[in-house]
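Examining the three-dimensional arrangement
Below are the chains, spelled out letter by letter.
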Amino acid sequence: GDDALDHDARIKLSIGTKQHGHADGQFHFPRGLVFDHHRGLLLIVDCGNHRVQVFSCDDDDGFSFVSKLGEQGEQGSQSGQFLYPWSLAIDHDHDRILVADRGNHRVQSWSLSDQSFLSCIGKYGSGDLAFNDPRCIAIDKHHHRTVITDTGNNRLVFLSSIDLSLLFSVGKRGSQPGEFHCPTGIAIDDDRHRIIVC
């Protein structure tokens with residue numbers, strides 16, 4: 001094409017098209033991604049198509065479509081269906097993929113080995129194991145827990161990495177240290193034992 005980015009030598013490859021689409025390998029509002037170094041897979045949250053797409057990495061040819069979690073056009077609230085998923089994380093220790101299913105106010109667990117659905121955690125609300133617009137997930141390997149930004153509830157929710165049971169939550173709405181206003185992104189600094197939150 002005539003796009004200047006098509007001639008930029010720094011860009012090695014791209015996936016998808018300039019216009020949104022619904023076919024395998026096309027996207028509608030991609031939101032998050034994670035690379036599985038163990039299997040050479042790239043997983044991308046395809047928010048507007050209510051799915052996660054999985055690609056294999058080939059050093060010579062780039063990325064090839066492998067599979068998808070959640071069917072395109074099959075948005076919904078049933079097990080294995082998504083409604084505007086936002087981000088994901090890989091838990092290698094438990095062979096699973098965790099997806100923030102934002103529109104359904106829950107987290108879904110999928111098998112990393114065969115990309116099959118495992119379970120749903122959460123429902124809409126502000127109580128225990130309830131979420132309001134969960135956005136991001138991080139795996140804290142050192143403490144064996146999973147941390148979720150519960151954006152609409154202005155808090156972080158901590159789950160056991162073993163069985164995804166509730167450990168505790170922290171935060172409330174405000175501008176003081178330890179308080180949040182719609183927290184979104186999250187990262188774990190393993191070396192310094194810190195959680196960093198947007």
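Please refer to the structure higher up on the page.
Residues numbered from 1 in each chain as written. Predicted model: local features only at pLDDT ≥ 70, side-chain atom pairs only at ≥ 80, totals over all residues. Heavy atoms only, no water.

**Observations regarding the side chain of Ser87**
Tracing the chain through its elements places Ser87 in strand β5 (residues 87–91). Of the polar contacts made by the side chain of Ser87, one reaches the backbone oxygen of Arg135; its length is 2.5 Å. When neighbours within four sequence positions are excluded, Ser87 is seen to be in contact with Val45, Leu98, Val99, Ala100, Arg135, Cys136 and Ile137. (Helix = DSSP H or I, 4+ residues; strand = E, 2+ residues; numbered from the N terminus. Polar contact = N/O pair within 3.5 Å; in protein donor to acceptor, adjacent residues only side chain to side chain. Contact = heavy atoms within 4.5 Å.)

**So, the nonpolar core**
Judged by nonpolar contacts, the single largest core of 14 residues is most densely connected at Leu43, Val52, Leu88, Ile97 and Val99. Residue assignment for this core shows that the elements contributing at least two residues are β2 (41–46), β3 (51–58), β5 and β6 (96–101). Judged by nonpolar contacts, the second largest core, of 12 residues, contains Leu98, Val107, Phe131 and Ile139. (Core = buried A, V, L, I, M, F, W, Y, C linked by side-chain atoms within 4.5 Å. Buried < 20%, exposed > 50% of the residue type's maximum accessible area, 1.4 Å probe, protein only.)

**Some words on the pattern of salt bridges**
Summed over all chains, the structure comprises 13 salt bridges. Between Asp91 and Arg96 there is a salt bridge whose closest N-O contact spans 3.2 Å. In this structure, Arg106 and Asp101 form a salt bridge, with 2.8 Å as the shortest nitrogen-oxygen distance. Like Asp101, Arg106 is buried. (Salt bridge = Lys/Arg side-chain N within 4 Å of Asp/Glu carboxyl O.)

**Overview of a nonpolar patch on the surface**
Taken together, the side chains of Leu167, Phe168 and Val170 make up a nonpolar region of the molecular surface, amounting to roughly 230 Å² of accessible area. Mapped onto the fold, Leu167 is located in strand β12 (residues 166–170). For Leu167, a relative accessible area of 43% puts it in the partly exposed group. (Patch = residues over 30% accessible without salt bridge, like charges linked within 9 Å, V, L, I, M, F, W, Y side chains within 5 Å. Areas by Shrake-Rupley, 256 points an atom, 1.4 Å probe, with all protein chains shown as cover.)

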